[in-house]
Amino acid sequence: MYQYNDLKETTVLVTGASGDIGLAICAKFLDQGCDVYALYKSNATQLTELKETHPAGSKLSIIQCDLADPQSVSALCSHLTEAVGKLDVLVNNAGIVKDSLFASMSFDDFSQVVDTNLFSIFRLTKEALMLLRCSENPAIINVASIAAIIPSVGQANYSASKGAILGFTRTLAAELAPYGVRVNAIAPGMIESKMVKKVSRTVVRGVTASIPLRRLGKCDEVANTVVYLGSTASSYIVGQTIVIDGGLVMR
């Protein structure tokens, strides 16, 4: 992976860090010499393994945080203020799925997905804003999905939350750019992960056949784009959504 010298010794906060994509993002930022704060909600096993096995594992701080709890989010940012005093890169990656056709989807299933995927970004970004403003080159990267762009049957809740993230990203970018805070989003397609392994093999084969590259994406490919957006190599990219889908949306 390309080395972004400006990222060395910077402070990065990654939510949803215990998932496959989150782990890859943490690993890539560790490769760059960053101090990475990895948030998880309930299972830190893979993060612990990353800390023990990565050459720069000592720079990984693993923190439990319930992003649905305003007090937990406030306590996290207070800790970061005391520990480092600034935040250079915020990666809003936390997300869940609760799939079902709309006719059988409960309000709770809709609400929980929107709360986790969208409202948690508001809570954390709001609390972390002053920490970001203390950085010389702050960047926020919001992880959306191609479900925000194309129909995704059975995911009315997920699609709604991810579509809202794109609108939120553009507006936040317009508001914060004058203060030097760059805000962008990524929209991954179907990526090889534990989450995708729960999807019907028939569906996966159908999607793969529709992808011009004829394969699913890799977590590292998503993470590479996130790191690029966090570096000054992307210093003039603001309010954009980078689609990482092997060409699926293009068709």
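Residues numbered from 1 in each chain as written. Predicted model: local features only at pLDDT ≥ 70, side-chain atom pairs only at ≥ 80, totals over all residues. Heavy atoms only, no water.

Novice: How should I be thinking about the overall build of the chain in this particular structure?
Specialist: Helix and strand content of the chain: 8 helices and 7 strands. Here the chain holds 251 residues, and the buried ones make up 49% of them. Put simply, of all contacts in the chain between residues at least 6 apart along the chain, 74% involve residues at least 24 apart. (Helix = DSSP H or I, 4+ residues; strand = E, 2+ residues; numbered from the N terminus. Buried < 20%, exposed > 50% of the residue type's maximum accessible area, 1.4 Å probe, protein only. Contact = heavy atoms within 4.5 Å.)

Novice: Sorry, what's going on with the packing of aromatic side chains here?
Specialist: Across all of its chains, the model carries 1 aromatic pair by this definition. Judged by centre distance (4.9 Å) and plane angle (65 degrees), the rings of Tyr 2 and Tyr 4 are edge-to-face. The exposure class of Tyr 2 is exposed, given its relative accessible area of 60%. Its relative accessible area of 12% is what places Tyr 4 among the buried residues. (Phe/Tyr/Trp six-rings, centres within 6.5 Å; stacked < 30°, edge-to-face > 60°.)

Novice: Any chance you could explain the nonpolar core here in plain terms?
Specialist: A general feature of soluble globular proteins is that nonpolar side chains tend to end up buried together. Of all hydrophobic cores here, the largest spans 36 residues; its most connected members are Phe 29, Val 36 and Val 91. The element best represented in this core is helix α1 (residues 20-31), accounting for 8 residues. Setting aside anything within four residues of it in sequence, one finds Val 91 in contact with Val 12, Leu 13, Val 14, Thr 15, Ile 25, Phe 29, Ile 141, Val 143 and Val 226. If you look at the next biggest cluster of nonpolar residues, it comprises 23 residues, including Leu 13, Leu 39, Leu 131 and Leu 132. (Core = buried A, V, L, I, M, F, W, Y, C linked by side-chain atoms within 4.5 Å.)

Novice: Honestly, the environment of Gly 95 in this entry has me stumped. Any pointers?
Specialist: Locating Gly 95 in the fold gives a position in the loop between β4 (89-92) and α4 (107-133). Sequence separation between Gly 95 and Ser 106 is 11 residues; the distance between their C-alpha atoms is 18 Å. Once residues lying within four places of it in the same chain are set aside, the contact partners of Gly 95 are Thr 116 and Asn 117.

Novice: Hey, could you run me through empty space enclosed by the protein in this one?
Specialist: The gaps of empty space that remain are located by a probe, the size of a water molecule, rolled over the atoms. Taken as a whole, this structure holds 1 cavity of 30 Å³ or more when the rule is applied. Volume-wise, the largest cavity comes out at about 30 Å³. A per-element tally of the lining of the largest cavity places α4 first, with 3 residues. Tallied by class, residues from the lining of the largest cavity come to 3 nonpolar, 5 polar and no charged. (1 Å grid on protein atoms, 1.4 Å probe; cavity = no way out; pocket = protein on both sides within 12 Å on 5 of 7 lines; lining within 4 Å. Points joined across faces, edges and corners; volume = space filled by probe spheres on them. Nonpolar A, V, L, I, M, F, W, Y, C, P; charged D, E, K, R; others polar.)

Novice: What is the right way to look at the side chain of Asn 117 in this model?
Specialist: Here Asn 117 lies in helix α4. Separated by 2.8 Å, the side chain of Asn 117 and the backbone nitrogen of Ile 96 make a polar contact. A distance of 3.2 Å separates a polar atom in the side chain of Asn 117 from a polar atom in the side chain of Ser 161. When residues no more than four places from it in sequence are discounted, the contact partners of Asn 117 are Ala 94, Gly 95, Ile 96, Tyr 158, Ser 161, Lys 162 and Ile 165. (Polar contact = N/O pair within 3.5 Å; in protein donor to acceptor, adjacent residues only side chain to side chain.)

Novice: How should I be thinking about the packing of helix α3 (residues 70-83) against α4 in this particular structure?
Specialist: Describing two packed helices takes the angle between their axes plus the distance from one axis to the other. Running from N to C, α3 and α4 point in directions that differ by 20 degrees, and their axes come no closer than 9 Å. Taken together, the axis directions place α3 and α4 in an arrangement best described as roughly parallel. The two elements α3 and α4 meet at a crossing, and its hand is right-handed. Taken together, the residues of α4 that come into contact with α3 (itself represented by Pro 70, Val 73, Ser 74, Leu 76, Cys 77, Leu 80 and Thr 81) are Arg 123, Leu 124, Glu 127, Ala 128 and Leu 131. (Axes fitted to C-alpha atoms, helices over the stretch in contact; angles between N-to-C directions. Parallel < 35°, antiparallel > 145°, perpendicular 65-115°, else oblique. Left-handed = near helix turned anticlockwise from the far one by under 90°.)

Novice: Is there a simple way to explain the side chain of Ser 120 in this structure?
Specialist: Here Ser 120 is to be found in helix α4. Apart from residues no more than four positions distant in its own chain, Ser 120 is found in contact with Leu 67 and Asp 115.

Novice: Explain the layout of surface pockets here, please?
Specialist: By volume, the second largest pocket amounts to about 200 Å³. What lines the second largest pocket is a set of 16 residues, and nearest its centre among them are Asp 88, Ser 135, Glu 136, Asn 137 and Pro 138. Taken together, the residues of the lining of the second largest pocket sort by class into 3 nonpolar, 8 polar and 5 charged.

Novice: Would you take a moment to explain the environment of Asn 43 for this structure?
Specialist: Mapped onto the fold, Asn 43 is located in the loop between β2 (35-40) and α2 (45-53). Residues Asn 43 and Ala 174 lie 131 residues apart in sequence; the distance between their C-alpha atoms is 36 Å. There is a polar contact of 2.7 Å between the side chain of Asn 43 and the side chain of Thr 45.

Novice: What am I meant to see in unusual backbone geometry here?
Specialist: As a rule of thumb, non-glycine residues mostly have phi less than zero, and peptide bonds are mostly trans rather than cis. Despite not being glycine, Glu 9 has its phi angle at roughly 70 degrees, a positive value. With respect to the element layout, Glu 9 can be found in the segment before β1 (11-14). Here the phi dihedral of Arg 214 falls at roughly 60 degrees; this positive angle occurs in a residue that is not glycine.

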